[in-house]
Amino acid sequence: MTKKKGYRDWKCLAFWWNHFFLLWTTIHGQIRYNIPEELKQGSVVGNLAKDLGLSLSEVSDRALRVASEAGEQYFSVDAGKGELVVNDRIDREALCGQSASCVLPLQVVVENPLQSHRIEVEIRDINDNSPKFFTPQISLKIPESVALGKRFPLEKAEDPDVGSNSLKTYSLSKNDYFSLKLKESKTGKSVPELVLEKPLDREKNALHHLHLIALDGGTPVTSGTCKITITVLDINDNFPVFTENEYKVYLKENSTIGTYVIKLTATDVDDGLNGEVAYFLGSRTPESVVNTFDINDMTGEIILKGPLDYESSRSFLIDITAKDKGIPEMEGHCRVQVELEDINDNAPEIVVTSKPSPVREDAPVGTVVALISARDLDSGDNGKVTLRLPKNSPFTLKPSFSNNYELLTNSPLDRETSSEYNVEITASDSGSPRLSSRNVIPVTISDVNDNPPLFTHLFYNVYVKENSVPGSILFSVSASDLDSGENAKISYSILDSKVQDVSVSSYVYINSDNGSIYSMHSFDYEKLKVFQIQVQAKDQGSPSLSSNTTVHVFILDQNDNAPAVIYPSSAALGSLSHQRMPRSAKAGHLVTKVTAVDADSGHNAWISYRLAEATDASLFTVNLYTGEVRTKRAVSEQDDSSQRLLIEIKDDGEPVQSSTVTVSILLEDGLHEPILDLRHKVSEPSRKTGRITLYLILSLASVSVLSLLTFLILAVKCIRNSRSSGSCCMRRSDCDDYKNPNRNLQIQLNTDGPIKYVEVLGGDMLSQSQSFRSCMSPMSEYSDLTLIKPSSTTDFKEVISVLDASLPDSTWTFESQQVKMTKGMIQRDWRWQALWWHQLFLLWTTINAQTRYSIPEELKQGSVVGNIAKDLGLSLSDFFDRKLRVASEAGEQYFSVDAGKGELVVNDRIDREALCGQSASCVLPLQIVLENPLNLHRIEVDIKDINDNSPRFHTKELSLKIAESAAVGTRFPLEVAEDFDVGGNSVKSYTLTRNECFTLKMKEVEDGKSVPELVLEKPLDREKKAVHQLRLTALDGGNPILSGTSQITVTVQDVNDNFPVFEKNTYKVSLQENSVKDTFVIKISATDADEGPNGEVEFSFGSRTPDSVLSVFDIKPLTGEIYLKGDLDYEKASSYKIEITAKDKGAPEMESHCRLQVDVADVNDNTPEIVLTSEPQPVREDAPGGTVVALLNVRDADSGNNSKVNLQLPKNSPFTLKPSFSNNYALVTRDFLDRERISEYKIEITATDSGVPSLSSKRIIPVKVTDVNDNAPEFTQRNYNVYLRENGVPGSILFSVSASDLDSGENAKISYSILDSKVQDVSVSSYVYINSDNGSIYSMHSFDYEKLKVFQIQVQAKDQGSPSLSSNTTVHVFILDQNDNAPAVIYPSSAALGSLSHQRMPRSAKAGHLVTKVTAVDADSGHNAWISYRLAEATDASLFTVNLYTGEVRTKRAVSEQDDSSQRLLIEIKDDGEPVQSSTVTVSILLEDGLHEPILDLRHKVSEPSRKTGRITLYLILSLASVSVLSLLTFLILAVKCIRNSRSSGSCCMRRSDCDDYKNPNRNLQIQLNTDGPIKYVEVLGGDMLSQSQSFRSCMSPMSEYSDLTLIKPSSTTDFKEVISVLDASLPDSTWTFESQQVSTQKLQTFV
């Protein structure tokens, strides 16, 4: 075993080093490839198989695959060649942007064993991008009065390529007025600037068209062009006008980029340049529109330049501006509404509204387990979602409202069968093509107390010695409960019952925790022999369940009573016993008989007699066993006439108890003999009578000596074996078949000598038992055999058999009890049905009853919305018991529940405008969730609008720059005020402060709204008033009326030739990611050299500033102070580059730009994420430590220490994590696994980052363990006993063996075979064969008991694993005898040889004269060998008789002179088998005168006959006749009962037993007893069962159908442990068999 273990450790070490080497190479062996971008699909990157050291077969066998850490699968593996090939288009600019290095990390995964390799592919840049201007056409409006040398910054071109392929220089088309200069920025990049070289003259050339060309450094050189249109500003007093104010167009969601949308047209009545119109997106156009649509500024055509997403935005409102090229610029506006049409491009989403709570296993069908909802971002049929569950799931889905569902139980649950379910829900939409998703919901089943405790046995037998110490432990019972927790905690108690009219609790008590039973006082066997204890085991569930068991307590007798003298009666009363005896008494004369009894039982009651003192010890002797006082010699004249004897009487107990009796004997002359042989009618003595007496004595002595020798041999062998086993006859058994508490049959046997004691007790065990005892030897420590006979009660099914051996630990008891199941299914089904209907009603009310409340917005926190308890029909206790909570479908928790009052109250500020915007109706849906049982109620809260918002202008201060030459009546559109309120609370009218130059007019638009316009009423004069300040007031229709104002500054434009100048071209500032709103960022400063309005500067974000910047930052237009107005998120944007515009108020406006860079500092606000690189594969249970199970990596969106992640596994986990590279790990086994103990692991991995405070997340990875053939089949028993009648039909089934295998699949499939062995030098396969599939054993031919009595079959069970495993068992086949042999005569010898037997007899023979004796034997055994003799024919039937049992031929009367001298007798000899076999013998008897008597009484030495000798003979005959008659009557009664019961069972002596404790196939001890009459037959067989058995038989009655008692004595073989006892009674239902075997598991004993 040590060698094997060391070899296994060596293999484990080798496997560990192998995996360590693989892991080491995985970590350090990194491969890098270098390829250019834009390779065609299928282009080879490199030979991956060769670089990894894999063969081409391993590429397929080990499922080599590539996983990209970037998410997209740009590469794949050509399995045929082992090459890494390009799988998709690779655009370096899309992957890495402007980064100088572009490396794509890949993970190569191989399985069997699971390994991960990291490779890198460097993507080289090619010159595939031309320089590109963000705006392909730039329009510059330059007043013709601008000074020479003025610089105008131009837009930079962008080239996505890097290095030498990036942008290098600019060139400008040839022009007389402008030149190009490059300005170096701090970043090293050149910014192009347009420089005025020659004064402008509008009258000569009003337009200037330039081309700015950007050139890169690639080969070949590529370029990008930007068209610059320079308009020389002139006076312009007309606005461009669109053909319609609003346009509407429809586009499909999946429209491709470049799709034509619409063409807009605007006209300007001005002439020349003032009438030329250009189209632009509105200045306040959001970034989402700018990124999606593009407009041709010349043609007005709008095209799609970005992807559309119906779910992100269903429509777009685009403000279009048409500007002319006049000075000052005039512009017109229109709106284009683009409506999107949905397509099915979003899979449905399953959301768990309430996490599933544990479900009680007795929850009725229809119990709500969880609440879920389904969502689909698509609309129409594309957004209709259906849910389904797998088939045969014990759960179902019930819809409630608006895509909300309840997960209900669909069938009864059983925690003991399955304690947890993973419910997989599939959601599918109705779009085309159909999309679906899945979600798994774990449901835990909680325990209910539905299993009562179960005792290990239905009843127990306890043996307690009397006079034991009070408080000592008697026994311990044990029960188990399949439930868990409190429901499985068991307490024990004793049920009240009566023992001899006294409560059983006065006798014993029990420990409620462990079931130990203790005695309250000592017991007295003579008062109480047996009693019962009803023990109850009760669990602690609610309601509690219980079960009972019965403990039978048997009191074992101790030697605590001395023998009591009952005869002579005078001695029993304590006085002297006087006896008389004649002086003529000879040796052996019976003087008197002392009889004593002992109140104890068994060996303690065996009594022996001894002559302690005597006047003349040589004259008298006392029989050790009978107490008979006899003369040792003839009385002489010298003997005293008065003799005094002191007789000591002792029992055989420990310690020995004794008593004495004194007998006084008076010797008298001529005393008449008191004991006469009444059988003799003749007064004259004769020598013949003495001979008969001698023969009787010799016969009785021979039988006694034979019995004594037989049991002495048994005792010696039993004592040898008991030294190792502690018992020679019996063994405790754990098998119970049936028990009737009112009946008991007990057998106690000891084989250390001749059969000594038999006790048969019948009737109620609690009442006085009827008993019969037989004492056979004084050497017994305990009573040898006790048969407690059952009464004829009709409900008695079987008997209880207790075999008590000489040692207490060898005692066992067989009991069986009939247990009936209680009825309760109907009531339980009724309760299930009631609960089901109750749940159905709750579900119905949940679906249909919907509550709606209406409240105004902006209620204070804690304001009452409504009494939700009353409206839902709930009590206040339900709020706590059922854990009521409110879930908002909007996400925010605006409401909560006051549990004390049952009211729904406001939990947070409710702003209708934030919730519903401008929608006329604002309904907030809520979900009320209750548990135990789980229910969902939907309520709606209608939010009413209040006038809490004033009209507001987007621009608080509006600056209008109007040329002083503008015509009277010219209209200037103003900004429309916005009011978030709806209905009557929205904007109704506008007012303008009084002014002599301007008035306010309202213009109606198509949607019914009014747009304010400023109308010039009087010509402007800049020299009189350069600036006009107006206030536009917007009024709503609420009560009270609220207003909002916009300050309008009208600047009369003058010539402006100076731009604002910033202090720095680039500002840089840093902010923490968790900075709060309104945090001051920086102040921007700019100055303008002009005077007056032309020098006043305003700050704003650049026109192309994205919404992501506008939503986060705010700038004060006048001061240039920038504040934080939104939330920062480092993970979304680590920095912001903001363009700041400074504009003066000149005409035309002059503006300048600078850049602000805001860097965001990271904080730890993201939890780590565990991602499986490869799904876990099933692991063989014999996989060595270090076997890779799964590959995973961990990610953290934070940076620095905040993104450093550590992984942990639970303690004592059989798995561990091995790091590989860049947050990648391998999950490997730590040691060998055992599928039979755990077939699947749920591995919980915890990821924790290093931030402050640290954040963590968990993920559970399921790992299945596959089976390995490591368990051999096991038989139900180590060996089996089969009993087969001889002469059976060949091919009949003998027995079936069964084996099981703990493995699964093929490893658990078992085939049976018989191993070759010899039976009488012949292969066992010639006797039997076996069915390899089911283990059934069949006979090949019939068997002959006389030739073969027992043989063994070695059966092997082998599984189908690789390698296969097997185990063996032994089947012992015992051949049962049938009556197939007739009796054979062995005496007279001449008759045995077939001739006539001649005998002689004197004519003087009297009645009872022994003529001869016929002796026959039968080759059969048992009852088949019992022989009876009958006189079939005779010359004179009145003269002779034949003894039925002994075959003795005697005279029935005295021979007369008239009788013929030649007598012929035909004697028939029959056995007791079925059918009966017989033979005959003929005896010829010759009567002669004066013939000498051949049979003498050799015990008599005196030749003279006397009357005394005749009397002794008479007493002997009377004693022998009495014993015979008593035995005959007893067994006649038992035989009648046996015959009656055998009609239904077919056998009255044997019975199938399902219990074995020990078996030695070479030894057997068997007892067969029939209780229908006197004891009739005893057979003792010893020695090897395969050889001829040594037997002793005793036949006692001719009516026995089978042998009544058979003791098969074992030889002294050292490996024999215990003996097998088979007790065969006459009634089928009282039949039992005792056997003990060496195996403690349950065995099978079969009678064929």
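The model shown is predicted, which means the values in this text are computed figures rather than measured ones.

Asks: Can you help me understand the sheet that holds strand β36 (residues 473-476) in this one?
Replies: Remark on secondary structure: sheet strands pair via backbone hydrogen bonds, oriented parallel or antiparallel. Here we have three strands laid out as an open sheet, ordered β36-β42-β41, and antiparallel in their pairing. The strands lining the two open edges of the sheet, one partner per strand, are β36 and β41 (508-510). On average, adjacent strands in this sheet sit at an angle of 25 degrees to one another, irrespective of strand direction. Looking at chain direction, β36 and strand β42 (residues 516-519) are connected through three bridges and run antiparallel. Among the inter-strand pairings, Ile 473 is bridged to a residue of β42, identified as Tyr 518.

Asks: Sorry if this is basic, but what is going on with the state of the cysteines here?
Replies: Formally, a disulfide is one covalent bond, and it connects the sulfur atom of one cysteine to the sulfur atom of another. Evaluated as defined, the whole model comprises two disulfides. At a sulfur-sulfur separation of 1.9 Å, the disulfide partner of Cys 96 is Cys 102. On the S-S bond that ties Cys 96 to Cys 102, the torsion sits near 65 degrees, and the link is right-handed. By relative accessible area, Cys 96 is classed as partly exposed at 22%. The partner cysteine of Cys 916 in its disulfide is Cys 922, sulfur to sulfur 1.9 Å. Since a negative S-S torsion denotes a left-handed disulfide, the Cys 916-Cys 922 link at about 65 degrees is right-handed. Classification of Cys 922 as buried rests on a relative accessible area of 1%.

Asks: Is there a simple way to explain the nonpolar core in this structure?
Replies: In a soluble, globular protein the nonpolar side chains are often hidden away together inside. Ranked by internal contacts, the top residues of the largest apolar core, which has 27 residues, are Phe 1113, Tyr 1136 and Ile 1140. Taken together, the elements giving at least two residues each to this core come down to β75 (1066-1072), β76 (1080-1083), β78 (1097-1101), β79 (1113-1115), β80 (1121-1124), β81 (1135-1144) and β82 (1151-1161). Every residue in contact with Tyr 1136, bar those within four places of it in the chain, is listed here: Ser 1108, Val 1109, Val 1112, Phe 1113, Leu 1128, Leu 1156, Gln 1157, Val 1158 and Val 1160. Core analysis: the second largest hydrophobic core is formed by 26 residues, Leu 1284, Tyr 1327, Ile 1353 and Val 1373 among them.

Asks: Would you take a moment to explain the sheet that holds β78 for this structure?
Replies: With mixed pairing, four strands are arranged side by side in an open sheet as β75-β82-β81-β78. Taken across any chain shown, the strands that pair with only one partner, and hence form the sheet edges, are β75 and β78. Ignoring which end each strand starts from, the neighbouring axes of this sheet average 25 degrees apart. Here nine bridges tie β81 to β82, and the two strands are oriented antiparallel to one another. The residue of β82 that forms the bridge with Thr 1141 is His 1153.

Asks: Looking at this structure, I do not really get the pairing of strand β99 (residues 1336-1339). What am I missing?
Replies: Consecutive side chains along a regular strand alternate between the two faces of the sheet. Sheet topology note: the strand β93 (residues 1293-1296)/β99 ladder contains three bridges and is antiparallel. Following the sheet pairing, Ser 1296 is matched in β99 by Ser 1336. Alignment of strand β98 (residues 1328-1330) against β99, held across three bridges, turns out to be antiparallel. Its bridge partner being in β99, Val 1328 is matched across the sheet by Ser 1339. Count of turn residues in the β98/β99 antiparallel hairpin: five residues, of which Gly 1335 carries a positive phi of about 80 degrees.

Asks: Explanation requested: the packing of aromatic side chains in the structure shown.
Replies: Scanning all chains against the criterion turns up 26 aromatic pairs. An angle of 70 degrees between the planes, with centres 5.3 Å apart, marks the rings of Trp 606 and Tyr 625 as edge-to-face. With Trp 606 in the loop between β48 (595-597) and β49 (607-614) and Tyr 625 in the loop between β50 (620-622) and β51 (628-631), this residue pair connects regions lying 19 residues apart in the sequence. Here Trp 606 falls in the buried class, since its relative accessible area comes to 7%. On the basis of relative accessible area, Tyr 625 is assigned to the partly exposed category, the value being 47%. Among the aromatic residues, ring-to-ring pairing joins Tyr 507, Phe 523 and Phe 531 into one connected group. Its guanidinium or amino end placed over the ring of Phe 280, Lys 323 lies 5.5 Å from that ring's centre, counting from NZ or CZ. Here Lys 529 stacks its cationic end above the ring of Tyr 525, 4.8 Å away from the centre of that ring.

Asks: Which parts of the structure should I look at to understand a nonpolar patch on the surface?
Replies: A contiguous nonpolar patch, built from Val 705, Leu 708, Leu 709 and Leu 712 and spanning about 330 Å² of accessible area, is present on the exposed surface. Looking at the element boundaries, Leu 709 is found in helix α7 (residues 687-725). Judged by its relative accessible area of 48%, Leu 709 falls in the partly exposed class.

Asks: Got a minute to help me understand the side chain of Asp 979 in this structure?
Replies: Secondary-structure assignment places Asp 979 in the loop between β68 (971-973) and β69 (987-992). Of the side chains bearing the opposite charge, Arg 952 lies closest to the buried Asp 979, which forms no salt bridge; the N-O distance is 8.9 Å. There is a polar contact of 3.0 Å between the side chain of Asp 979 and the backbone nitrogen of Asp 981. In contact with Asp 979, other than residues within four places in its own chain, are Gln 918, Asn 949, Ser 950, Pro 951, Asn 985, Ser 986, Val 987 and Asp 1036.

Asks: Is there a simple way to explain the pattern of salt bridges in this structure?
Replies: Two side chains bearing opposite charge may form a pair once their charged atoms approach each other closely. Scanning the entire structure with this criterion turns up 46 salt bridges. The partner of Glu 1013 in a salt bridge is Arg 971, and the shortest N-O contact between them spans 2.7 Å. Placement of the pair is Glu 1013 in strand β71 (residues 1010-1016) and Arg 971 in strand β68, with a sequence separation of 42 residues. What makes Arg 971 partly exposed here is its relative accessible area of 39%. With a closest N to O distance of 4.0 Å, Lys 1068 and Asp 1159 form a salt bridge. Residue Lys 1068 is located in strand β75, and its partner Asp 1159 is located in strand β82; the two are separated by 91 residues in the primary sequence. Residue classification places Asp 1159 among the partly exposed positions, given a relative accessible area of 21%.

Asks: Just to check I follow, could you spell out the side chain of Asp 598 for this structure?
Replies: Following the sequence through the fold, Asp 598 ends up in the loop between β48 and β49. The exposure class of Asp 598 is buried, given its relative accessible area of 11%. Within the structure, the side chain of Asp 598 is placed 2.9 Å from the backbone nitrogen of Asp 600, a separation counted as a polar contact. Look past the residues within four positions of Asp 598 in its chain and what remains in contact with it is Asn 559, Asn 561, Ala 562, Pro 563, Asn 604, Ala 605, Ile 607 and Asp 651.

Asks: Would you explain unusual backbone geometry in this entry?
Replies: Trans peptide bonds make up most of the peptide bonds, and negative phi angles are found at most residues other than glycine. In this structure, Pro 1253 follows Val 1252 across a cis peptide bond, with omega equal to -5 degrees. Following the sequence through the fold, Pro 1253 ends up in the loop between β89 (1240-1249) and β90 (1256-1266). With an omega dihedral of -5 degrees, the bond running from Ser 1362 to Pro 1363 counts as a cis peptide bond. Along the chain, Pro 1363 falls in the loop between β100 (1350-1359) and β101 (1366-1376). Of note in the backbone geometry, Asn 392 takes a positive phi value of approximately 65 degrees without being a glycine. Turning to its location among the elements, Asn 392 is positioned in the loop between β29 (385-388) and β30 (395-399). Residues other than glycine seldom take positive phi values, yet Asp 1321 does so here, at roughly 65 degrees. When you line up the elements, Asp 1321 lands in the loop between β96 (1318-1319) and β97 (1322-1323).

Asks: Where do I start with the environment of Lys 1025 in this structure?
Replies: Tracing the chain through its elements places Lys 1025 in the loop between β71 and β72 (1027-1036). On the basis of relative accessible area, Lys 1025 is assigned to the partly exposed category, the value being 41%.

Asks: Help me understand the confidence of the model for the protein, please; the structure alone is not making it clear to me.
Replies: When pLDDT is averaged along the protein, the result is 78; 78% of the residues meet or exceed 70. In this model, residues 673-686 is a region of pLDDT below 50 whose contacts with residues beyond four sequence positions or in other chains number 33 contacts. Predicted confidence is poor over residues 724-829, with pLDDT under 50, and the contacts of this stretch with residues over four places away or in other chains come to 320 contacts.

Asks: Even after reading the chapter, I still don't get the environment of Lys 1218, so can you show me in this structure?
Replies: Along the polypeptide, Lys 1218 turns up in strand β87 (residues 1215-1219). Sequence separation between Lys 1218 and Gly 1186 is 32 residues; the distance between their C-alpha atoms is 9.1 Å.

About the criteria used
- Residues numbered from 1 in each chain as written.
- Predicted model: local features only at pLDDT ≥ 70, side-chain atom pairs only at ≥ 80, totals over all residues.
- Heavy atoms only, no water.
- Pairing = 2+ DSSP bridges.
- Helix = DSSP H or I, 4+ residues; strand = E, 2+ residues; numbered from the N terminus.
- Axes fitted to C-alpha atoms, helices over the stretch in contact; angles between N-to-C directions.
- Disulfide = S-S within 2.5 Å.
- Buried < 20%, exposed > 50% of the residue type's maximum accessible area, 1.4 Å probe, protein only.
- Core = buried A, V, L, I, M, F, W, Y, C linked by side-chain atoms within 4.5 Å.
- Contact = heavy atoms within 4.5 Å.
- Phe/Tyr/Trp six-rings, centres within 6.5 Å; stacked < 30°, edge-to-face > 60°.
- Lys NZ or Arg CZ within 6 Å of the ring centre and 35° of its normal.
- Patch = residues over 30% accessible without salt bridge, like charges linked within 9 Å, V, L, I, M, F, W, Y side chains within 5 Å.
- Areas by Shrake-Rupley, 256 points an atom, 1.4 Å probe, with all protein chains shown as cover.
- Salt bridge = Lys/Arg side-chain N within 4 Å of Asp/Glu carboxyl O.
- Lys, Arg positive; Asp, Glu negative; His and termini not counted.
- Polar contact = N/O pair within 3.5 Å; in protein donor to acceptor, adjacent residues only side chain to side chain.
- pLDDT = per-residue confidence, 0-100.

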